[in-house]
Amino acid sequence: MKFERRAKKMFFVKEINAKEDLKLMDDIVRHENEVFGDASVGRWNIKPFAKYGKVFVVVKSNMAEGKEEELVSAVEVLPSFEPGTAYIYGVSTVPMYERQGHMKRLLEYTMEYLCKIGITNIELTVSVENVRAQEIYGKLGFEAVEELENEYGENVNRYLMRYTGKNTLIIK
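Summary of the structure given here.

### As for the overall build of the protein
For the protein, the helix and strand inventory stands at 4 helices and 8 strands. For the protein, the sequential pattern of α-helices and β-strands runs β-β-α-α-β-β-β-α-β-α-β-β. When burial is assessed residue by residue, the protein has 43% of its 172 residues classed as buried. Residue pairs at least 24 apart in sequence account for 57% of intrachain contacts in the protein once pairs closer than 6 positions are excluded. As displayed, the protein has an accessible area near 10000 Å², and 49% of this comes from carbon and sulfur atoms.

### Observations concerning the nonpolar core
In terms of nonpolar packing, the biggest core is built from 43 residues, with Ile28, Ile88, Tyr137 and Phe142 touching the most fellow members. When sequence neighbours within four positions are dropped, the list of residues in contact with Tyr137 reads Val91, Leu107, Leu124, Val126, Phe142 and Met161.

### Brief notes about the layout of surface pockets
Space inside the largest pocket adds up to approximately 840 Å³. Contributing to the lining of the largest pocket are 35 residues, with Val91, Met103, Asn130, Ala133 and Tyr137 lying nearest its centre. For the lining of the largest pocket, the secondary-structure elements that each account for two or more residues are α1 (22-36), β5 (85-93), α3 (102-116), β6 (121-127) and α4 (131-139).

### Things to note about the pattern of salt bridges
Tallying each qualifying case throughout the model produces 10 salt bridges. For Arg162, the salt bridge is made with Glu123, and the minimal N-O distance between the two is 2.7 Å. Residue Arg162 is found in strand β8 (residues 158-163), and its partner Glu123 is found in strand β6; the two are separated by 39 residues along the sequence. With a relative accessible area of 29%, Arg162 lands in the partly exposed category.

Conventions and cut-offs
Residues numbered from 1 in each chain as written. Predicted model: local features only at pLDDT ≥ 70, side-chain atom pairs only at ≥ 80, totals over all residues. Heavy atoms only, no water. Helix = DSSP H or I, 4+ residues; strand = E, 2+ residues; numbered from the N terminus. Buried < 20%, exposed > 50% of the residue type's maximum accessible area, 1.4 Å probe, protein only. Contact = heavy atoms within 4.5 Å. Areas by Shrake-Rupley, 256 points an atom, 1.4 Å probe, with all protein chains shown as cover. Core = buried A, V, L, I, M, F, W, Y, C linked by side-chain atoms within 4.5 Å. 1 Å grid on protein atoms, 1.4 Å probe; cavity = no way out; pocket = protein on both sides within 12 Å on 5 of 7 lines; lining within 4 Å. Points joined across faces, edges and corners; volume = space filled by probe spheres on them. Salt bridge = Lys/Arg side-chain N within 4 Å of Asp/Glu carboxyl O.

Structure follows, in structure tokens:
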């Protein structure tokens, strides 16, 4: 999936390859360490996420300038032992690219991919204080189904949000 924002800047979604995309995996870890701190996917986990789950990113292509791809947004997906279910672990956008629609496009791509392979139940958690993300997830058909107390430590509550195949996936 490719889309353009402004002339000469090409953004596209790609699946991370655990053997080939080492720099992008390092970029994801660095970025998530800044954004999520201890909840980051981490250096030791990003490769298994890419190898046994899925890691999708939006990158900015700088090939015309002779530069490598630049990380814009990332999402990690884990399969579940529950048939037809997956868990989205991390969703983030590099600060300079926030509020430009990249996260929403990446989530739409990820959800469409999962639905195509028969995964119609998708879960994620979000901070109870992150209203902006909750609104985006809600527009994509996720519903808050439970408040998880102390999910990432004492007084770190999160909402469990769930998308089911019953919710209409609307991609704009």
